[in-house]
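# Coordinate inspection notes
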Amino acid sequence: MPRPDVLSLPELVNANERLVHRGRFLTAVMRLDIGADAYLISIDRGRIAEVRKGPFVMPSWTFGLSCGADALGRFWQPLPPPGFHDLFALLRRGELTLSGNLQPFMANLLYIKDVMASLRSPKETA
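Residues numbered from 1 in each chain as written. Predicted model: local features only at pLDDT ≥ 70, side-chain atom pairs only at ≥ 80, totals over all residues. Heavy atoms only, no water.

## Describing the environment of Glu 50
On the secondary structure map, Glu 50 appears in strand S3 (residues 47–53). Taking the relative accessible area as the measure of exposure, Glu 50 reaches 38% and is therefore partly exposed. C-alpha separation for the pair Glu 50 and Pro 10, spaced 40 residues apart in sequence, amounts to 6.9 Å. Among residues more than four places away in sequence, those in contact with Glu 50 are Leu 40, Ile 41 and Ser 42. (Helix = DSSP H or I, 4+ residues; strand = E, 2+ residues; numbered from the N terminus. Buried < 20%, exposed > 50% of the residue type's maximum accessible area, 1.4 Å probe, protein only. Contact = heavy atoms within 4.5 Å.)

Okay, structure coming up:
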């Protein structure tokens, strides 16, 4: 299963005005670890300002999400299977780890969930 391009997040998120509006109170740097790959995602008032791919030497970030590539691959399916449909489902399964300052993460939870879900493959039409 091909992994979505995390570097495409600025285009996907910033084009969705409702999503940007939902995240308008969030300015932070999110670290996303997918297996051995690391990304720093800079969020400025709900817009994805920049996505940088690691490796990094002592990066500064606000909160982080770390998950295996297989689990996120299942999360990013058009219709994810039960247990892989939500970030908290991944957390409960032990597939996802949260780190850093979790207050901005929890205060903007729906926004973060939708940012991550924006990388899902489009649903196939019959």
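Resuming the write-up.
## Thoughts on the sheet that holds strand S2 (residues 37–44)
Here we have 5 strands laid out as an open sheet, ordered S3-S2-S1-S4-S5, and mixed in their pairing. In this open sheet, the two strands that pair with only one neighbour each are S3 and strand S5 (96–100). In this sheet, neighbouring strand axes are inclined to one another by 20° on average, regardless of whether the strands run parallel or antiparallel. Along the sheet, helix H6 (residues 109–117) contacts strand S1 (27–34), S2, S3 and strand S4 (63–67); its crossing angle with S1, the most-contacted strand, is approximately 45°. (Pairing = 2+ DSSP bridges. Axes fitted to C-alpha atoms, helices over the stretch in contact; angles between N-to-C directions.)

## What about the packing of aromatic side chains?
Throughout the structure, instances matching the rule amount to 3 aromatic pairs. With a centroid separation of 6.5 Å and 35° between ring planes, the pair formed by Phe 88 and Phe 105 is classed as tilted. Taken together, the residues span a long stretch of sequence, with Phe 88 in helix H4 (residues 87–93) and Phe 105 in helix H5 (residues 102–107) at a distance of 17 residues. Judged by relative accessible area, Phe 88 falls into the partly exposed class, the value being 29%. The buried category is assigned to Phe 105, whose relative accessible area is 1%. Within the aromatic cluster, the residues linked to one another by ring pairs are Phe 63, Phe 88 and Phe 105. Sitting above the plane of the Phe 84 ring, Arg 74 keeps its charged end 4.2 Å from the centroid. (Phe/Tyr/Trp six-rings, centres within 6.5 Å; stacked < 30°, edge-to-face > 60°. Lys NZ or Arg CZ within 6 Å of the ring centre and 35° of its normal.)

## A few points about the pairing of S1
Burial of S1 is extensive: 6 of the 8 residues sit out of reach of the surface. Between S1 and the antiparallel strand that follows it, S2, lie 2 residues; Gly 35 among them carries a positive phi value of about 60°. Both S1 and S4 contribute to a ladder of 5 bridges, which runs parallel. Bridging from a neighbouring strand, Arg 31 pairs with Gly 64 of S4.

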